[in-house]
Structures are given as C-alpha cells and as structure tokens.
Amino acid sequence: MASQRKFFVGGNWKMNGNKASIDGIIQFLNAGPLDPNTEVVVSPPAIYMEYVRGKLDQKIGVAGQNCYKVEKGAFTGDISANMIKDIGCEWVILGHSERRNVFGESDQLIGEKVKYALSQGVKVIACIGEKIEEREGGKTEEVVYRQMQAIVDNVAADQWANVVVAYEPVWAIGTGKTATPAQAQEVHQKLRAWIAKKVSEPVANSLRIIYGGSVSGANCKELGGQADIDGSLVGGASLKPDFVQIVNATQ
Ligand SMILES: O=C[C@H](O)COP(=O)(O)O
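Residues numbered from 1 in each chain as written. Predicted model: local features only at pLDDT ≥ 70, side-chain atom pairs only at ≥ 80, totals over all residues. Heavy atoms only, no water.

**As for the confidence of the model for the protein chain**
Atom-level detail of predicted coordinates should not be read off regions where pLDDT is low.
Next up, step 1: Of all residues in the protein chain, 99% have pLDDT values of 70 or greater, and the mean over the chain is 96.
Next up, step 2: Predicted complex metrics record ipTM = 0.99 and pTM = 0.97. (pLDDT = per-residue confidence, 0-100.)

In structure tokens:
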C-alpha cells in the first residue's frame, strides 16, 4: 500500500445473514478495535441496510450491493442510489462479478449505473476481474482494461475521489484460491499505469485499487503489503470476526 492512499476494506456480505447473525457481526465490528487509518465499509443485503446503519458505529460506512441507473420507476425488485442515500448510506458496490456473471449485467449497464450513482452523491466501489478461462487464455489485461474503460467513460474528472476500484479475479472468489500477492500486484500495477495513461497521473496515484477473492486473516497482511494494493473487498471472511484482523492488516 502506498502511504498517500488511505487503506480501504470493504465487507460484502452478499445474500447472507438474518437479524440474529447480523447482530453478531455488528457487535464484533463495533467492538473492534479497528485501525483508524483504514476506511471500513460493509455491504449488507438491501433489506437489512437501514437496520445495520442504525446500529453500526458511524465511523463504519454502509454500502448497497447494487442499484439501478435511475431515481425511481417501474423496475420491480430493484433499488436506487437515491434510496441508498435516503436511509443514510453513502456507498454502493457496482459491477460485482456475481452481477456480471449470474445476472448478466453488461459493461455498458455497469458504466451507466456508476454514472448515475456518482451524480446522486453515492460513492462507488466498482468491481472488475477476469474469469479463469480468460486468465488461462492470456486475456486478463484485455478483459480488465475493457471493463475499466466502461467505468472511466462514466466518471467525471472531479468525481474520482468518490470511486474505489476492486480487482476481483472471478476464479478467486469464494473458492479459497487467492491470487498470490505477486499475481494481484501485477494486475494492480498494470491497471494503475493504464489509468495514468487513460485518465491522468494524479488520478492513478490517488485512486484506491483494492483486491478481492478469498481474502482472509491469514493472507491479508501479505496482500496489503503490495505497493499497488490499497485494501481488500472481502466476501466470506467479512461475516466472521476475522474481518477485524483484515481491517487491521497494515498494523
Ligand atoms: O466481494 C467480495 C468478493 O466477491 C470476494 O468474496 P470471497 O472473499 O468470499 O472470495
């Protein structure tokens, strides 16, 4: 992690939890102690977001796991960035690989969602990452640059401070098969160089690029110690007290 970028750890609970188990998570998060130099954001299922926001220490952010690209309307089952804000939350995860690959969301739709969320003052954790066959076919860079381009096209120059990019190789998500710190660092470093070229040097230097994919208490320090890895987006381990250790990875 480079010192000018604040370490960022997100906990993506995905479609897990009920009020009883969520109370347990809130308890260990509020008890911490959490490194004050790390920005922490958790992302409960939409139906529990307000409940979590009401009970969680205010220094921990709460994010939606997704939202649509307009304020309101006939979009059954969806929520808007405006609703996320209305309940006192300020972040949303967009483009997660499960949205892309289970629900068929395209680069273009994700770009439009990023644009709308930012326009409403909701900060975005934008996810990208290649599938195993893409990595094995030597297409990792092509895929992540293509996904990143759709995001870049939708972020205005003055909005980059409200964006965190999460590199999550699909083959490492929920598999226990983490990218090695060197594999992750290689992609992060290439992405940062690509952003310097396509956006600007200052944005590339200040943008937090976090890693996701089987991050755990056991591997978080080594991953977080890489020059271009500015934190993590944690799935499974964010439901357990291990998450506190991951937040404190740079201590
Ligand atoms: O958003 C989080 C990622 O999908 C990682 O999930 P995981 O830590 O369970 O592999």
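After presenting the structure, the write-up continues.
**A short note on the site of the ligand**
Next up, step 1: Taken together, 13 residues sit near the ligand, with Lys14, His96, Gly174, Ser214 and Gly236 positioned nearest.
Next up, step 2: Between the ligand and His96, the relevant distance is 2.7 Å, taken from an oxygen atom to a side-chain nitrogen or oxygen of the residue.
Next up, step 3: Isolated, the ligand exposes 300 Å² of accessible area, and the fraction of that covered by the protein chains is 95%.
Next up, step 4: With respect to the detected pockets, the ligand is housed in the second largest pocket. (Near = heavy atom within 4 Å. Polar contact = N/O pair within 3.5 Å; in protein donor to acceptor, adjacent residues only side chain to side chain. Areas by Shrake-Rupley, 256 points an atom, 1.4 Å probe, with all protein chains shown as cover. 1 Å grid on protein atoms, 1.4 Å probe; cavity = no way out; pocket = protein on both sides within 12 Å on 5 of 7 lines; lining within 4 Å. Sits in = over half its atoms within 2 Å of the grid points.)

**Observations concerning helix 5 (residues 107–119)**
Next up, step 1: Over its 13 residues, helix 5 runs 18 Å from end to end, which matches the ideal 18 Å to within 8%, given 1.5 Å per residue.
Next up, step 2: Burial in helix 5 covers these residues: Asp107, Ile110, Gly111, Lys113, Val114, Tyr116, Ala117 and Leu118.
Next up, step 3: Structurally, helix 5 contributes buried residues whose contacts are with helix 3 (81–86), strand 4 (91–94), helix 4 (97–101), strand 5 (123–128), helix 7 (140–152) and strand 6 (163–167).
Next up, step 4: Where helix 5 terminates, the next one or two residues include Gly121, which has phi positive at roughly 80°. (Helix = DSSP H or I, 4+ residues; strand = E, 2+ residues; numbered from the N terminus. Expected span 1.5 Å × (residues − 1). Buried < 20%, exposed > 50% of the residue type's maximum accessible area, 1.4 Å probe, protein only. Contact = heavy atoms within 4.5 Å.)

**Some thoughts on the side chain of Glu130**
Next up, step 1: Secondary-structure assignment places Glu130 in the loop between strand 5 and helix 6 (132–136).
Next up, step 2: At a separation of 2.7 Å, a polar atom in the side chain of Glu130 contacts the side chain of Arg135.
Next up, step 3: If we skip the residues at most four places from it in the chain, Glu130 touches Arg135, Thr140, Val143, Val144, Tyr167, Glu168, Pro169, Val170 and Trp171.

**Remarks on the layout of surface pockets**
Next up, step 1: Estimated volume of the largest pocket: approximately 500 Å³.
Next up, step 2: What lines the largest pocket is a set of 15 residues, among which Met15, Gln65, Asn66, Arg99 and Phe103 lie closest to the centre.
Next up, step 3: Broken down by class, the residue content of the lining of the largest pocket amounts to six nonpolar, five polar and four charged.
Next up, step 4: The volume enclosed by the second largest pocket comes to roughly 210 Å³.
Next up, step 5: What lines the second largest pocket is a set of 18 residues, and nearest its centre among them are Ser214, Val215, Gly235, Gly236 and Ala237.
Next up, step 6: For the lining of the second largest pocket, the class distribution of residues is five nonpolar, 10 polar and three charged. (Points joined across faces, edges and corners; volume = space filled by probe spheres on them. Nonpolar A, V, L, I, M, F, W, Y, C, P; charged D, E, K, R; others polar.)

**Regarding the nonpolar core**
Next up, step 1: Counting residues in each nonpolar core, the largest one holds 65 residues, and the members touching the most others are Leu29, Val52, Met148, Tyr211 and Phe243.
Next up, step 2: Setting aside chain neighbours within four positions, we find Phe243 in contact with Val9, Gly10, Gly11, Phe28, Leu29, Val40, Val42, Val234, Ala237 and Ser238.
Next up, step 3: With 11 residues, the next largest nonpolar core counts Val41, Ile125, Val164 and Ala166 among its residues. (Core = buried A, V, L, I, M, F, W, Y, C linked by side-chain atoms within 4.5 Å.)

**Points about the sheet that holds strand 6**
Next up, step 1: Strands sit in the order 1-2-3-4-5-6-7-8 around a closed barrel of eight strands; the barrel is parallel. Strand-to-strand, the axes of this sheet are offset by a mean angle of 25°, without reference to chain direction.
Next up, step 2: Strand direction decides the pairing type here: strand 1 (residues 7–12) and strand 2 (residues 38–43), joined by six bridges, are parallel. Looking at the pairing, Phe8 lines up with Glu39 of strand 2.
Next up, step 3: Sitting on the sheet, helix 7 is in contact with strand 5 and strand 6, with an inclination near 155° to strand 5. (Pairing = 2+ DSSP bridges. Axes fitted to C-alpha atoms, helices over the stretch in contact; angles between N-to-C directions.)

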